[in-house]
Amino acid sequence: MTSIIGHEAVPPSLEHKARIGWWLFLAQFITVVVVYLTGSLLPVLPGIIEQVMSGETGEPEFGSALVASTVMLSMALSLLVCWLWLRREGRVAEAWNLTAPEDWRRTLMLAAVATVGTIAIFIGGGALVEAIGLPAPDASFVLDLVTESPLLFALWIVGVAILAAGVGEELLWRGFLMDRLERLGGLRGKIWLVLVVQAVLFGLPHAYQGVGGMIVTGSVGLLLGWVRILQRGNLWAVIIAHASVDVIMMSLAYADKLGWFGV
């Protein structure tokens, strides 16, 4: 099977990856999820405790810097757990393929295609899910935090858009998770099944954007997963694309708040 770009779409070694058992996979997956949730909770726990002790009702409000710190901390801790699991198997470099691509021009082209494709999915997919009666993806909560001040905008761009989302989420989802799924009995060699499973799992944490947000984000995960396959496991194209999309969306939101788009 070949791609329109002229390279093999599926690495020939995919079906020959060493197998891992389902119990090991579940142990790895659960520990990563638990650590991620713990990292998300720790920075906001004092505020939650304070609200409970004071008897206040309603959802607690957290500042932009605090929310950004939860995103970065949870991602850092979950990647540490991923690294420990991969190091145990001696597969860090294989799962997290960050070697220089053989063809940077092709890599950047795929990153550009994935960036445009992702934005198109958000725009078109949002309209589609709304047309069928589902709530459109709503990321206003995050974008409101991003645009609180120039300093916080810089924090979100560098710490969240580039590091936690662009680098972190791709190491986690297209790196660690896809490598694990490709080794599972029943999934080995079934690339489309691997792509769909990782896309579904990628969409679930975006539940804060509603059902429509999970569907649209899952579709983005499908696209990024396919780009990773086209790159034979190399992650640079998907990292660049993911970071670019988040930087573009955050920058547009900030520019809109500044009134750069007119009335």
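So, a few notes on the structure that sits alongside this text. Treat the numbers as computed from the prediction; the structure is a model and nothing was measured.

Quick word on the environment of L151
Phase 1 of the analysis: Positionally, L151 belongs in helix α7 (residues 150–181).
Phase 2 of the analysis: By relative accessible area, L151 is classed as exposed at 70%.
Phase 3 of the analysis: For the pair L151 and A65, spaced 86 residues apart in sequence, the C-alpha separation works out to 9.6 Å.

Some remarks on the pattern of salt bridges
Phase 1 of the analysis: Evaluated as defined, the whole model comprises seven salt bridges.
Phase 2 of the analysis: Notably, a salt bridge pairs R174 with E170, separated by 2.7 Å at the nearest N-O pair. Here R174 and its partner E170 are both found in helix α7, four residues apart, which amounts to about one turn of the helix.
Phase 3 of the analysis: Judged by its relative accessible area of 0%, E170 falls in the buried class.

Focus: the packing of helix α8 (residues 191–203) against helix α9 (residues 210–230)
Phase 1 of the analysis: Relative to each other, α8 and α9 sit at 140 degrees, their axes nearing to 7 Å. Here α8 is positioned oblique relative to α9, judged by the angle of their axes. For the pair α8 and α9, the sense of crossing is right-handed. Seen from α8, the contacting residues are I191, W192, L195, V196, Q198, A199, F202 and G203; seen from α9, they are M214, T217, G218, G221, L222, G225, W226 and I229.
Phase 2 of the analysis: Residue composition of the contact of α8 with α9, grouped by class: 10 nonpolar, six polar and no charged.

Observations concerning the side chain of E169
Phase 1 of the analysis: As for its placement among the helices and strands, E169 is situated in helix α7.
Phase 2 of the analysis: R174 provides the closest opposite charge to the buried, unpaired E169, separated from it by 5.4 Å.
Phase 3 of the analysis: Dropping the residues within four chain positions of it, E169 is found in contact with M75, A164, R174, F202 and H242.

A short note on the packing of α7 against α8
A packed helix pair is summarised by two numbers, namely the angle formed by the two axes and the spacing between the axes.
Phase 1 of the analysis: Packing of α7 against α8 leaves a shortest axis separation of 10 Å and a crossing angle of 140 degrees. By the criterion of interaxial angle, the relationship of α7 to α8 is oblique. Crossing of α7 against α8: the hand is right-handed. Seen from α7, the contacting residues are E169, W173, R174, L177, M178 and L181; seen from α8, they are V194, L195, V197, Q198, L201 and F202.
Phase 2 of the analysis: Of the residues that constitute the contact of α7 with α8, the class distribution is nine nonpolar, one polar and two charged.

Analysis parameters
- Residues numbered from 1 in each chain as written.
- Predicted model: local features only at pLDDT ≥ 70, side-chain atom pairs only at ≥ 80, totals over all residues.
- Heavy atoms only, no water.
- Helix = DSSP H or I, 4+ residues; strand = E, 2+ residues; numbered from the N terminus.
- Buried < 20%, exposed > 50% of the residue type's maximum accessible area, 1.4 Å probe, protein only.
- Salt bridge = Lys/Arg side-chain N within 4 Å of Asp/Glu carboxyl O.
- Axes fitted to C-alpha atoms, helices over the stretch in contact; angles between N-to-C directions.
- Parallel < 35°, antiparallel > 145°, perpendicular 65-115°, else oblique.
- Left-handed = near helix turned anticlockwise from the far one by under 90°.
- Contact = heavy atoms within 4.5 Å.
- Nonpolar A, V, L, I, M, F, W, Y, C, P; charged D, E, K, R; others polar.
- Lys, Arg positive; Asp, Glu negative; His and termini not counted.

Nothing here speaks to function; it is geometry throughout.
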